[in-house]
Amino acid sequence: MESESNPMAPTIDRRRHFLDELLALADIRINGDRPWDMQLHRSAALDEIVARHSLGLGETYMRGDWSSPALDQFFHKLLRADLHRKAKPFRNLWRIARAYLVNLQSRGRAFQVGERHYDLGNDFYQAMLDSRMTYSCGYWREAQNLEDAQTAKLDLICRKLGLQPGMRLLDIGCGWGSLLGYAAEKYGVECVGVSVSREQCHYIEQTYAELPIEVHLQDYRSLNRQFDRVASVGMFEHVGRKNHRAFMQVARRCLNKDGLLLLHTIGKNQRFSTTDAWIDKYIFPNGDLPSSGQICDSAEDLFIEEDLHNFGSDYDKTLMAWHRNFEARWDNFADTFDQTFYRMWRYYLLSCAGAFRARHIQLWQWIFSNKREGGVPRVV
């Protein structure tokens with residue numbers, strides 16, 4: 001449970017609302033006394049939530065119209081009860097159609113998420129993440145803290161790829177370079193990373209200047225160099241369903257004979273769905289979580305699916321650890337970002353933690369190989 005202060009006591013008078021009945025299906029009460037209950041601070045927010053669904057829920061929270069002492073538990077219960085399906089799901093049909101008809105992740109849009117999300121400031125992310133600045137799910141199988149979980153994840157990737165000294169590794173969507181740095185230092189490989197974030201590229205150039213690492217501010221579709229291994233960790237969520245096949249073709253084009261691709265991505269349970277409207281507007285513009293079927297379709301006749309590893313429950317722990325760091329160090333950024341940003345970021349981290357806890361979304365690591373004799377040894 002992660003608690004928030006509630007300086008705005010819920011003293012408003014109101015009539016019983018449709019949301020009272022709907023939230024009761026998830027064992028959530030408005031102005032109840034349990035940690036996951038919704039505390040209402042402006043009665044008109046209820047009508048806005050009904051009218052605008054997830055976007056209304058998130059924006060009214062950002063304005064301080066409601067709160068919850070345990071927002072992660074609130075979303076865990078909300079999503080476990082499938083309330084998002086019960087409240088007029090047809091309202092999202094136009095967004096689903098738009099995702100299929102329009103390439104929301106075109107080359108012209110590719111750098112938007114870097115500018116709006118990843119370029120918030122390296123100091124901000126350093127305060128929230130582990131020492132290597134790893135902004136993806138940790139591997140908590142034997143870890144007791146965020147640092148160890150992220151180190152375990154990086155080593156797991158290197159072992160799954162069978163990295164050996166002298167190999168060349170391409171990291172598509174390399175973040176702040178945690179995999180590049182770890183692979184170069186611990187496994188003796190030469191690394192190339194591409195990112196759509198100027199801040200990330202600048203950080204890598206400064207931090208890993210002494211290691212055999214290149215980084216480029218570049219869209220993945222322009223890649224045309226040869227590597228022994230390719231990894232993509234937490235980037236495929238930005239590729240989009242209209243570009244899944246193109247991504248796989250690029251990875252195949254860049255792999256030497258007998259090469260391996262590791263794809264680490266958040267995934268959704270249903271093929272015909274779309275990105276949460278609030279997440280799309282405020283956190284990850286143009287994001288599009290893939291389904292397992294979409295990933296398999298994109299790899300058909302290009303790769304063999306050698307292994308699939310789901311450890312989505314570990315993302316719950318990772319997000320809760322990030323949130324603890326965020327809360328503990330918020331005072332360092334209170335003069336840079338306002339209270340609306342604070343509530344937005346808190347809502348992002350804890351709603352996502354609740355979604356993974358409810359198994360509403362997954363975290364997959366896939367291993368793909370070129371067609372070859374024999375199989376690929378399993379690490380897990």
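Computed from a prediction, not measured in an experiment: that's the story for all the values here.

Scoring rules and cut-offs
Residues numbered from 1 in each chain as written. Predicted model: local features only at pLDDT ≥ 70, side-chain atom pairs only at ≥ 80, totals over all residues. Heavy atoms only, no water. Helix = DSSP H or I, 4+ residues; strand = E, 2+ residues; numbered from the N terminus. Buried < 20%, exposed > 50% of the residue type's maximum accessible area, 1.4 Å probe, protein only. Contact = heavy atoms within 4.5 Å. Areas by Shrake-Rupley, 256 points an atom, 1.4 Å probe, with all protein chains shown as cover. Axes fitted to C-alpha atoms, helices over the stretch in contact; angles between N-to-C directions. Parallel < 35°, antiparallel > 145°, perpendicular 65-115°, else oblique. Left-handed = near helix turned anticlockwise from the far one by under 90°. Nonpolar A, V, L, I, M, F, W, Y, C, P; charged D, E, K, R; others polar. 1 Å grid on protein atoms, 1.4 Å probe; cavity = no way out; pocket = protein on both sides within 12 Å on 5 of 7 lines; lining within 4 Å. Points joined across faces, edges and corners; volume = space filled by probe spheres on them. Salt bridge = Lys/Arg side-chain N within 4 Å of Asp/Glu carboxyl O. Core = buried A, V, L, I, M, F, W, Y, C linked by side-chain atoms within 4.5 Å. Arc of directions from axis to C-beta.

**Student:** Tell me about the overall build of the chain, and name the residues and values.
**Tutor:** In terms of helices and strands, the chain carries 15 helices and nine strands. Looking at the chain residue by residue over its 380 residues, the buried ones come to 57%. When contacts within the chain are restricted to residue pairs at least 6 apart in sequence, those whose partners lie at least 24 apart make up 74%. Within the structure as shown, the chain displays about 16600 Å² of accessible surface, and the carbon and sulfur contribution to it stands at 49%.

**Student:** Explain the packing of helix α8 (residues 146-160) against helix α9 (residues 178-187) to me, using residue names and the numbers behind them.
**Tutor:** Closest axis-to-axis distance for the α8/α9 pair is 10 Å, and the angle between their directions is 65°. One element, α8, and the other, α9, form an angle in the roughly perpendicular class. Between α8 and α9 lies a crossing whose hand is right-handed. Contacts between α8 and α9 pair Thr151, Leu154, Asp155, Ile157, Cys158 and Arg159 from the former with Ser178, Leu179, Tyr182, Ala183 and Tyr187 from the latter. Its residues assigned to classes, the contact of α8 with α9 shows seven nonpolar, two polar and two charged.

**Student:** Tell me about empty space enclosed by the protein, and name the residues and values.
**Tutor:** Scanning the entire structure with this criterion turns up two cavities of 30 Å³ or more. Around the largest cavity sit Lys160, Glu306, Asp307, Ile367, Val376, Pro377, Arg378, Val379 and Val380, which together line it. Of the residues assigned to the lining of the largest cavity, the class counts are five nonpolar, no polar and four charged. Approximately 40 Å³ is the volume attributed to the second largest cavity. Around the second largest cavity, the lining residues are Phe124, Ala127, Met128, Asn325, Phe326, Arg329, Trp330 and Phe333. Counting only elements with at least two residues in the lining of the second largest cavity, the list comes to α7 (122-128) and α14 (313-329). Partitioned by chemical class, the residues of the lining of the second largest cavity number six nonpolar, one polar and one charged.

**Student:** Any chance you could break down the pattern of salt bridges for me, citing the residues and the numbers?
**Tutor:** Considering all chains together, one arrives at 23 salt bridges under this definition. When the shortest N-O distance is used, the salt bridge between Arg16 and Asp20 registers 3.9 Å. The partner of Arg63 in a salt bridge is Asp65, with the nearest N and O atoms 3.2 Å apart. Judged by relative accessible area, which is 43%, Arg63 ranks as partly exposed. Judged by relative accessible area, Asp65 falls into the buried class, the value being 6%. Linked through salt bridges whose partners overlap, the residues forming this network are Arg42, Glu48, Arg52, Glu59, Arg63, Asp65 and Lys281.

**Student:** Describe the environment of Tyr208, listing the residues and the values that go with them.
**Tutor:** Following the sequence through the fold, Tyr208 ends up in the loop between α10 (198-207) and β5 (213-217). By relative accessible area, Tyr208 is classed as buried at 12%. In the structure, Tyr208 is positioned 31 residues away from Gly177 in sequence and 8.3 Å away in space, judged by C-alpha atoms. In this view, Tyr208 contacts Arg132, Trp176, Gly177, Ser178, Gly181 and Ile213; residues no more than four positions away in its chain are not counted.

**Student:** Give a detailed account of the nonpolar core, specifying residues and quantitative values.
**Tutor:** Among the nonpolar cores identified, the biggest contains 72 residues, and Trp66, Tyr135, Trp345 and Tyr348 are the most heavily contacted of them. Per element, the largest residue contribution to this core is 12 residues, and it comes from helix α15 (residues 339-357). If we ignore the near neighbours within four places in the chain, the residues touching Trp66 are Met38, Gln39, Leu40, His41, Ile49, Leu57, Thr60, Tyr61, Leu71, Phe74 and Tyr347. Among the nonpolar cores identified, the runner-up in size contains 27 residues, and Cys174, Tyr182, Tyr208 and Leu260 belong to it.

**Student:** I'd love a proper account of helix α11 (residues 244-254), names of residues and values included.
**Tutor:** Within α11, the full set of buried residues consists of His244, Phe247, Met248, Val250, Ala251 and Cys254. Down the axis of α11, the smallest arc covering the buried residues is 155°, so these residues share one side. Structurally, α11 contributes buried residues whose contacts are with β3 (168-172), β6 (227-233), β7 (255-268), α13 (292-299) and β9 (361-369).

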